[in-house]
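Below, each chain spelled out in residue letters.
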Amino acid sequence: MDRSLRIGVIGCGFFAQNHLHSWSDLAEKGAQLAAVCDVDAAKARAAGETFRVPYYSDATKMLEAERLDVADIVTRHDTHRPLAEMALARGLATIVQKPFASTWEDCIAIVEAAHKANAWLAVHENFRFQAPMRAVRKVIDSGAIGTPSWARIRFRTGFNVYKTQPYFYDEERLAIADVGIHMLDLSRFFLGEVEHISCETQKRNPRIRAEDTATMLLRHQSGAVSVVECTYESRRLPDHFPETLLVIEGPRGAISLEAGCSMTVTSDGATWTEDASSPLLSWTAYPWHVAQQGVIGACGHFLDSLQRGVPPETSGEDNLKTYALVDAAYRAASERRAVEPKRWNPGLANGGERP
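In this text the structure is predicted, and so the values were computed from the model without any measurement.

(A) Summary view of unusual backbone geometry. Looking along the chain, the bond that leaves Leu-237 and enters Pro-238 is cis, with omega of 0°. Along the polypeptide, Pro-238 turns up in the loop between β10 (225–231) and β11 (245–250). The phi angle at Asp-268 is positive, at roughly 50°, despite the residue not being glycine.

Shown next, in the form of structure tokens:
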């Protein structure tokens, strides 16, 4: 068996259950779920009893009491910085759920804390680890469509996300920060870094505070263009929640990922279709299984990276590029113009933003 790593999960709420199950399933590969924590003592106890590990309602006490190798932070974004800095100061490898933090400055502070402690840091940006997205990337890497030059990536649903996450009603930034960030990360994953971004936002649900819909246009440094869409207010049926659908075009062909994880590839005039889905696990359920598989895919990648002593795909430094696109999208919508994303430069005194 690969080197065993003791993992403490901070946060035992709705989405954290996917992390807990993922680490449990990865036990044979060396993941050892060692402790859990939540400020809600009942949630902490429930998780501890379910996974048969010690449970805490105070993260400081858990980190002091347990001999851990990894801290997996699955809490609200406004708690990420203090929790990450606490874990990194102890030299722990640290995984932070997306969005990385509440502000660009907080994200920079976490990355700098990791540098100071010489500690491994990852952001749990998990959509790119979903089976369909890995299948799409594999086709791109094969050269079957040539270098991608245009894409449309979309997540459109009317699923009641507020039922399981009622705090969404009061968020100051919603659709882009919550699910649009995944779409923006996928645009980077498939087409490379971004030169500038334009964005139009809408609030179609009068009960919420922030935007529930965003339509973004990205110009990539390669010259490629992508259209990125996200909404929680689509009333189209059937609703394909929580699938991401896309089309990517290149000089030799195209890739189309449609509902049901059906991927059609055209290359040099030949076309074929294949199933890009993954099987249900004991703890996954339709239609959530696509997103749930992305969590175990991400956790498995992090485990492998730690065991090999290499940075993860979604390192803190890499995820700054995705987070910068989120910030740029909001600025573009507010200022009604194309905006260049911030670039982190550790040598600059203003938090790493390049003018």
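(B) Structural view of the packing of helix α8 (residues 175–191) against helix α10 (residues 316–335). Interaxial distance between α8 and α10 falls to 9 Å at its minimum, and their mutual angle equals 125°. One way to sum up the angle between α8 and α10 is to call them oblique. The crossing of α8 and α10 is right-handed. Contacts between α8 and α10 involve Ala-175, Ile-176, Ala-177, Ile-181, Leu-184, Asp-185 and Arg-188 on the former and, on the latter, Asp-318, Lys-321, Thr-322, Leu-325, Val-326, Ala-329 and Tyr-330. Across the contact of α8 with α10, the residue classes break down as nine nonpolar, one polar and four charged.

(C) Representation of the sheet that holds strand β13 (residues 262–267) in the model. Sheet architecture is open: eight strands sit in the order β8-β9-β10-β7-β11-β12-β13-β14, paired in mixed fashion. Every interior strand has two partners, whereas the edge strands, β8 (194–202) and β14 (270–275), have only one. Averaged over all adjacent pairs, the angle separating strand axes in this sheet is 10°, with direction ignored. Note that β13 and β14 share six bridges and pair antiparallel. Of the residues in β14, the one forming a bridge with Val-265 is Trp-272. Each of β11, β12 (253–258) and β13 is contacted by helix α6 (residues 131–142), which is oriented at about 175° to β12, the strand it contacts most. In the packing of α8 onto the sheet, contacts are made with β7 (150–156), β8, β9 (213–220), β10 and β11, and the angle to β10 comes to roughly 155°.

(D) Just the pattern of salt bridges, in detail. Throughout the structure, instances matching the rule amount to 26 salt bridges. In this structure, Asp-178 and Lys-98 form a salt bridge, with 3.3 Å as the shortest nitrogen-oxygen distance. Of the two residues, Asp-178 is situated in helix α8 and Lys-98 in the loop between β5 (93–97) and α5 (104–117); the sequence distance between them amounts to 80 residues. Both residues of the pair, Asp-178 and Lys-98, belong to the buried class. Linking Glu-229 and Arg-152 is a salt bridge whose minimum nitrogen-to-oxygen distance equals 2.8 Å. Taken as a pair, Glu-229 in strand β10 and Arg-152 in strand β7 lie far apart in primary sequence, 77 residues in all. Connected through shared salt-bridge partners, Arg-128, Arg-134, Asp-185, Arg-188, Glu-193, Glu-313 and Asp-318 make up one network.

Conventions used here
- In every chain, residue numbers begin from 1 and rise along the written sequence.
- The model is predicted, so local features are restricted to residues of pLDDT at least 70 and side-chain atom pairs to those at 80 or more, both for listing and for counting; the totals for chains, interfaces and linings are taken over all residues.
- Note that the side-chain values use all heavy atoms of the structure and ignore hydrogens as well as water.
- Secondary structure elements are taken from DSSP: a helix is a run of H or I of four residues or more, a strand is a run of E of two residues or more, and numbering for both begins at the N terminus.
- Orientation is described by axes fitted as lines to C-alpha atoms, over the contacting stretch for helices, and by angles from 0 to 180 degrees between their N-to-C directions.
- For this classification, under 35 degrees means roughly parallel, over 145 means roughly antiparallel, 65 to 115 means roughly perpendicular, and everything else is oblique.
- For any helix crossing, the convention is left-handed if the near helix is rotated counterclockwise from the far helix by under a right angle, and right-handed if that rotation is clockwise.
- By the convention used here, residues are in contact when the closest approach between their heavy atoms is within 4.5 Å.
- Polar here means any residue outside two lists: the nonpolar Ala, Val, Leu, Ile, Met, Phe, Trp, Tyr, Cys and Pro, and the charged Asp, Glu, Lys and Arg; Gly therefore counts as polar.
- Only strands joined by at least two bridges in the DSSP assignment are considered to pair.
- Each salt bridge in this description consists of a side-chain nitrogen of Lys or Arg and a carboxyl oxygen of Asp or Glu lying within 4 Å of one another.
- Burial here depends on accessible area, computed with a 1.4 Å probe over protein chains only, as a share of the maximum for the residue type. Under 20% is buried, over 50% is exposed, and the range in between is partly exposed.

In short, geometric facts, not functional conclusions.
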